[in-house]
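# Structure at a glance
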Amino acid sequence: QQPPQRPRQPRQSRAPPPYTPDWDGEKLPVYTPTSSDSSEPDTVARQLFKYGFLFPLFWAVGVYFMFAPMRVSPDWEQDKTEEEKEKIMSNLRQTEIKWAKRCLWALLTFFVCMILVISAVVSVSRRH
């Protein structure tokens, strides 16, 4: 005889229960991102580096930003002082250069890997 089966319980969510706004207990801490990338602006070279893994030609385009001058429109950040604008531009330029260099290294690594694969295929095909 089979033992009686227990009724199946619905799967419980892994998320904790929501906190009620009228809770009088200890207030929860405010979490802030601690990654150094959080203060780094999102630049075109950074996006090209990421998408270069899908289409390596993007890395070649990303290298261009090492040499291209940064230009902004006249109405960019009108509410900022010239000093603040210079600081923002400097930060943007440093970030752009960093990601452009990463694009260069990724492109060089890609070419080295392709040369190794092609030379291995050619050497194996000549032996047969």
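Numbers given to residues run from 1 along each chain, matching the order in which its sequence is written. For a predicted model such as this one, the threshold for reporting local features is a pLDDT of at least 70, and the threshold for listing and counting side-chain atom pairs is 80 or more; totals across whole chains, interfaces and linings nevertheless cover every residue. Side-chain metrics rest on all non-hydrogen atoms present in the structure, leaving aside hydrogens and water.

### Section: the packing of helix 1 (residues 44-51) against helix 3 (residues 82-127)
- Where helix 1 meets helix 3, the axes come as close as 8 Å, and the angle between the chain directions of the two elements is 25°. Relative to helix 3, the element helix 1 lies roughly parallel. Remark: the crossing between helix 1 and helix 3 carries left-handed chirality. Residues V44, A45, R46, L48 and F49 of helix 1 pack against E96, W99, A100, R102, C103 and A106 of helix 3.
- Residue classes follow a fixed rule: Ala, Val, Leu, Ile, Met, Phe, Trp, Tyr, Cys and Pro count as nonpolar, while Asp, Glu, Lys and Arg count as charged, and any other residue, Gly among them, counts as polar. For the contact of helix 1 with helix 3, the class distribution of residues is eight nonpolar, no polar and three charged. Fitted lines through C-alpha atoms serve as axes, helices being fitted only where they are in contact, and the angles separating the N-to-C directions of these axes extend from 0 to 180 degrees. Secondary structure counts use DSSP, requiring at least four H or I residues in a row for a helix and at least two E residues in a row for a strand, with both numbered from the N terminus. For this classification, under 35 degrees means roughly parallel, over 145 means roughly antiparallel, 65 to 115 means roughly perpendicular, and everything else is oblique. Crossing handedness is defined as follows: a turn of the near helix away from the far one that is anticlockwise and smaller than a right angle gives a left-handed crossing, while the clockwise case is right-handed. We call two residues in contact whenever any of their non-hydrogen atoms come within 4.5 Å of each other.

### A few points about a nonpolar patch on the surface
- Two distance rules govern patches: like charges are joined within 9 Å, and nonpolar side chains (Val, Leu, Ile, Met, Phe, Trp, Tyr) within 5 Å, applied only to residues with over 30% relative accessible area and no salt bridge. For accessible areas, the Shrake-Rupley method is used with a probe of radius 1.4 Å. Any residue's cover is judged against the shown protein chains and nothing else. Salt-bridge detection follows one rule: a side-chain nitrogen of Lys or Arg within 4 Å of a carboxyl oxygen of Asp or Glu. On the surface, a cluster of nonpolar side chains totalling about 550 Å² of accessible area is made up of Y51, L54, F55, L57 and F58.
- In this structure, L57 sits in helix 2 (residues 57-63).
- With a 1.4 Å probe rolled over the protein chains alone, any residue whose accessible area is under 20% of its type maximum counts as buried; one over 50% counts as exposed, and the rest are partly exposed. Classification of L57 by relative accessible area gives exposed; the value is 52%.

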